[in-house]
Structure formats: C-alpha cells, structure tokens
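# Architecture at a glance
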Amino acid sequence: MHKRTRKRLLPAVVAGGALAVGAFTLLPSTALAGQSGPAPHQSATQADFEAAAAEYHVPVSVLLGVARQESGLQSHSGYSNNAGWGFMNLTDATPEMLRKGPSGITGDSELTSATKHPELHTLLTAAKLTGIPADDLRHNRRDNLRGGAALLASYQKQLTGQTSDNASDWAGAVAKYSQMPNERAAQSFVSDVFASIRSGVRQTTSDGQQVTVQADPSATPATGQLAELKLAKTDPNTPAECPKSMDCQFVQASSTGVQVSNRPANGIKITQIVLHTTEGSYDAAIRTFQGPNAAAAHYVMRSSDGAVTQMVSDKDVAFGDGNYDSNLHAIQIEHEGFSAFGAQWYTDVAYQQTAKLVKYLADRYDIPLDRQHILAHDNVPGGKTADLAGMHWDQGNEWDWTRFMKKIGAPFDDGTSGVGPVGSVVTIAPTFNKNLQTFTVCPADDPTGSTPVCTPKTVPASSLFVHQGPSEDSPLVLDANVHPTATSGTDDVSDWSTTVQAGQQFVVADQQGDWTAIWFDGQKGWISNPEGKNTIPTTGVKILTAAGTTTAPVYGTAFPDPSEVPAGWGPDAQNPLTAPNYGIPVGQAYVADQPPVNGQDFFPSRQGVVTGAKQYYTVQFNHRYVYVNAADVTVTTA
C-alpha cells in the first residue's frame, strides 16, 4: 500500500510454522452419498476428526465443514490478525503475541483494544471447556479439533439447549463459531459450510492426509437461529458496490487520493483488477486512506473474516498502483496483512471473498479473467523508465494464483502439464504446495521487526526463478535497470525481476534436459521444468514479434500521442521504456491474450477523455506486463 523502494516476502515459518496448501474438492451429491463411512485405510487426521466429533456430539460433517471454512484445512500458527491456531483456527491474540508477532500493532492502547474482544480468545475458552492445556490446543492436531468441537457444542447448547445429529440444526452454532459480527458475513460463512456438507468433501490436508465426509444433500441450515445472535446488519442503503452477500461498507477516502471521474460511462474502460497488501492492519489502512497525501485503493479487505470497506467509488480513479495508466483503468483491492507473512495473512476467507468481489466486478465491467488483467501490484510496470526499478512487489510469491483463478471460474491449470516445441506458448503453472522456493529475507523487508538478520527461507510459492543458463548453478537473469552494477539478479524475496508467476504466458525459446528457455525481459531465460511439470502448453493466444528489422519498443503506459490532446490540456508523455533490454528484439517473441486497445488519457479538471488512434497490446514481458504499439509488431496465433 504505502511507498517502499524495496519489499521482500517473509515466509510463514517466521510467524511460527511452515505452511502447505491442500487443494480441496467439493464433490457432487452422488459422489460420496453412497459411502457408509471412511475408507478402509482411514487416515490419522480423519480418525481425529471423527473422535473429536463423537466426543462432543457434533456431526462430523459440521466439524469438518467448519474447519475447512476456517483454515482451508491448513495447520496454521498464529494465523491472521486473530492469531488463529490449527485446523479449527482457535484464536489467541494476547498482547505479547501482538507485540512480537506479525500483527503490526505496536501501541499499548491499540494492543489493549485489540485483545479485549472475546472473538480473539476462543483458544482460552476451549481450554476451559475441555481441560486441555492451551499449548496442546495450539500444537496438537487432535486436541485442536477437540477444542473446536467443544466450542461448537457449547454454542449449540446455548442456542438450542442440546446437541443434535442433524447437521441442519447447527446453523446458529456455525455462525457463532465464525465470530463474524455482521449478519451478512455470518450468513455467507454458514452458506459456504453447508455447501460442503451438502456436496461432501474429499481433501488432502496440509499434513498430507486425506479427509472425507459423505454428502448430505438434504442439509439446509436453519438460518432463523442467526436472529438469536443479534448480529449487526449492513445498511441496505450503503453506497458500497459489492455483492449483496458480502459484509461491505463505504467510507470515503481523502480527496487527495482520488480523481473524480465517471468510468466507464465517460469512455474510460475498466480493464484491470489489481490486488495489493496493506503492510499494516485493516483499520490502519482505512485511517491512512482517509488522511492527507494518501494513495487510496477502491476496496480494503480484512484478513480474518473477509469484511470489506470500499473507500473509492468504482467510477472514480484511485492512485494506488504507482502508474497513472494502470490507475486510470484499474479497480484496486487492498488485503490486510504483510507481504513478509503472506501465507499467514492471505486467509481462506480472504481468497473466497476476494474471488466473490472480483467475479462481481469483472462481470459488471466486462474485465477479462486472465493473468494480464487480474493482477497483483507486482505485475504493474513503471509508467516511465525512471520508475521501473522502484515499483512495489505485493502480493509477493505466497499468493496462490492457481487456487485463486480457479475460485473466480478462470482456471489456467487443467492438469495437462508439459511443454511444446520452440516457438510454442506455455503457461507457467507450478503446483503451489509442492513448489518450494528459497528466498533471502532481510530486516528491511519486514515491517513488523520480526526478522533480525538476513535469512534464507523456503516456502511454497507461485513463482519460479529465471536463470541465465539451464542449471541451478547458473546466475539468475539480470535486469540491469534493477541491478545496474551487478552481473546477475538475486534471490531476494523482493526481487521481482528474477521470477515468473503462475498464470503468466511466455514463448518457448529453447529446451535442454529438465530446463525450458523462454523469451523473458528481452533475453533468453531458463526455468526448471523437469518433464514439463511447471508449464502447460497453451494455444489461442497471440504471439508478437518485431515487425521490422529493429527492436520493437515497449511502453509502460498507453496514452494518446500528445499531438492528439487539445491545446492547453497538459498531455501525459507517451515515450518508450529505454532501460537495457526493454524492447522486443528481432528473433524474440512475447504473448498477448487480448486484442489491442486504443490509448486513452483523462483530464479531470475538464472531465475530458481523449482516445488516441494508436492501438496497444498488453504483453507479458517479464514478471510485469508492458504495452506494445500494434503497428510495431507482427501477430500470429499460437
């Protein structure tokens, strides 16, 4: 969110535990309906779920559904701003934890306020209910499940006086377990849990074991129970532009961070959704965007429950991207958390609610659902050469792009991994939880102060390193604009210049053993790709090559030529990027997946829009996109 010249990603192990993401599958009602119980070779995790459910008289489908919704069945350690632990996300936000951990809360008054709410202390409540020591609830899987089951049972008894074998009777308890104070958000949580119950679940957990629950297609939540919880209601007259099922409010950002516009009615097409990280708490981001000189975003999302505050109307231009052309055409979503602790802050509910919001916005504004238009801030280039090196790197490597694009209904990974011949196109598609990459993280990369010395950290990642040759010993590819005095790039977690990201598309330049070369950053770069496991052959996209005998220029913006702007309006410059290697040399090829569009610019003092005659392709150039004038390239279809 805020200005930072370098930002590096800190893995989850710093915050208390390594994290692996287990993919889940919601099965059709018939898929598990015929099963009478778990498979003969029952996993230990399955046995723990069933034992905990039986001990506290909770239907195992309810217990597993809640666990999946709370944690994605990932064994978290001090998760999000509520400091959730284990599969059941038992919260333990003590002042000491907040002071030393990744919360970013430092002031004593803020600590006191943050720790007095009961929703931050469900672990302690579970310890009282079960007699299990708090440390065991944090670290022991079975005890963590027992604590969650005990909480669910206590909520059910408070609401109905007794437990029940019928999953449909547990809607109120499920809503209370979510600890979501808003009725709309709690209803969404209950709806998602019961979707799992109705369809059945078969999922591999973060400890590598499979859990299942048979489908209960008749399970319908008794949502009338939610009235007993006296949850806050969303104002039906709020101007917030969100799906009706979301907990969404509107708080106006400072006018210094906004340009009043009328997109898309005034002709400015909204073509991008850009994801950011706040580098601080949800409340702090909202306060910052209300203050002077703030580069606001349209939406801010809370990590723990996916609640959203919209701060800029979609029709208006927000300044969060650091590139005015991107700002002009983008809607921006800030996520609470720290890129240094990405996996601990990009929660399951944040993925779900972000997907819901992105699908809503993409449908409303006809935004293409691909990785050249659904972006992170680290995919946005500098608008001019001087800005290239200093652009931000959030969301970082621990945002699971494969998982997210599936959630928005635009999966790029269909399971058919491989690599085609030289000249063909591949989509980068490593398996997130198996793609362990080692990045160097230094104190300057961690705003929370939890990293005392530079340390290599190995984490699941959406990224692959790009080398100068076909071996791990080969130097990383060099962007001389980022490293003007070096001979190679770095494995610094902030060094976007040396990585490709899941969903991005490149042209195959060469192959050698387990290595695939791609045209990248005006160079030939090599990625590790044994048996093609990290890529998918791709067709139907556009391959761009230089049209003449010289390098085709690339741009960080797509503005009209100044001569096309009325006199006195003050046009923005439209100049090529002149950093070393920035261009499409003869013999190299790059990928665009949408038709070219006319350059545009906006002049707020006149509420005037100018659309130029030249058309520009959005092209995947390196870790970031660039623009290419359609007249400068020859286009073929992959």
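Whatever comes next refers back to the structure up there.
Right, let's walk through the structure included here. Predicted model only: the values in this text are computed from it and were never measured. (Residues numbered from 1 in each chain as written. Predicted model: local features only at pLDDT ≥ 70, side-chain atom pairs only at ≥ 80, totals over all residues. Heavy atoms only, no water.)

### As for the pairing of strand S26 (residues 608–620)
In this sheet, S26 lies alongside strand S25 (residues 597–603) in antiparallel orientation, the contact comprising 6 bridges. Residue Phe-602 lies in a different strand from S26, and its bridge partner there is Val-609. Here S25 folds back onto S26, and the loop between the two strands holds 4 residues, one of which, Gln-607, carries a positive phi near 50°. Counted between consecutive antiparallel strands, the loop separating S26 from strand S27 (residues 625–629) contains 4 residues. (Pairing = 2+ DSSP bridges. Helix = DSSP H or I, 4+ residues; strand = E, 2+ residues; numbered from the N terminus.)

### Quick word on the state of the cysteines
Under the defined criterion, the tally for this structure stands at 2 disulfides. In this model Cys-242 forms its disulfide with Cys-248; the gap between the sulfur atoms is 1.9 Å. Assigned by exposure class, Cys-242 and Cys-248 land together as buried. Across the disulfide, Cys-442 is cross-linked to Cys-454 (sulfur-sulfur distance 2.0 Å). Disulfide Cys-442-Cys-454: the torsion about the S-S bond is 115°, which places it as right-handed. In this pair, Cys-442 is assigned in the loop between strand S15 (436–441) and strand S16 (455–460) and Cys-454 in the loop between S15 and S16, connecting sequence segments 12 residues apart. Here Cys-442 falls in the buried class, since its relative accessible area comes to 11%. Residue classification places Cys-454 among the partly exposed positions, given a relative accessible area of 47%. With cysteine numbering restricted to those in disulfides and following the sequence, the protein chain has the pairing 1-2, 3-4. (Disulfide = S-S within 2.5 Å. Buried < 20%, exposed > 50% of the residue type's maximum accessible area, 1.4 Å probe, protein only.)

### Remarks on the packing of helix H3 (residues 60–71) against helix H10 (residues 183–199)
With their axes 9 Å apart at the nearest point, H3 and H10 run at an angle of 125° to one another. Of the possible angle classes, the one that applies to H3 and H10 is oblique. H10 is crossed by H3, and the crossing has right-handed handedness. Mapping the contact onto sequence places Ser-61, Val-62, Gly-65, Val-66, Arg-68, Gln-69 and Glu-70 in H3 and Phe-189, Asp-192, Val-193, Ser-196 and Ile-197 in H10. The class makeup of the residues in the contact of H3 with H10 is 5 nonpolar, 4 polar and 3 charged. (Axes fitted to C-alpha atoms, helices over the stretch in contact; angles between N-to-C directions. Parallel < 35°, antiparallel > 145°, perpendicular 65-115°, else oblique. Left-handed = near helix turned anticlockwise from the far one by under 90°. Contact = heavy atoms within 4.5 Å. Nonpolar A, V, L, I, M, F, W, Y, C, P; charged D, E, K, R; others polar.)

### Side note on the sheet that holds strand S21 (residues 523–528)
Strand order in the open sheet formed by 5 strands is S21-S20-S19-S14-S22, and the pairing between neighbours is antiparallel. In this open sheet, the two strands that pair with only one neighbour each are S21 and strand S22 (535–538). Strand-to-strand, the axes of this sheet are offset by a mean angle of 50°, without reference to chain direction. Of the strand pairs in this sheet, strand S19 (residues 505–512) and strand S20 (residues 515–520) are connected by 4 bridges, and their pairing is antiparallel. The residue bridging Asp-510 from the neighbouring strand is Ala-517, located in S20.

### Focus: the environment of Gln-620
By the element assignment, Gln-620 lies in strand S26. For Gln-620, a relative accessible area of 2% translates into the label buried. Residues Gln-620 and Tyr-590, 30 residues apart in the sequence, show an inter-C-alpha distance of 6.5 Å. Once residues within four sequence positions are removed from consideration, Gln-620 is found in contact with Arg-371, Gln-372, Gln-504, Gln-505, Phe-506, Tyr-590, Val-591 and Tyr-625.

### Looking at empty space enclosed by the protein
The final tally for this structure, using the stated rule, is 4 cavities of 30 Å³ or more. Taken as a whole, the largest cavity encloses approximately 110 Å³ of empty space. Together, 13 residues line the largest cavity, and Glu-70, Asn-89, Ser-303, Ser-304 and Val-349 are the ones closest to its centre. (1 Å grid on protein atoms, 1.4 Å probe; cavity = no way out; pocket = protein on both sides within 12 Å on 5 of 7 lines; lining within 4 Å. Points joined across faces, edges and corners; volume = space filled by probe spheres on them.)

### So, unusual backbone geometry
Pro-264 follows Arg-263 through a cis peptide bond whose omega is -15°. A cis amide bond links Asp-394 to the next residue, Gln-395, at an omega of 10°. Structurally, Gln-395 can be placed in the loop between strand S13 (374–376) and helix H15 (401–407). Residues other than glycine seldom take positive phi values, yet His-57 does so here, at roughly 60°. Tracing the chain through its elements places His-57 in the loop between helix H2 (44–55) and H3.

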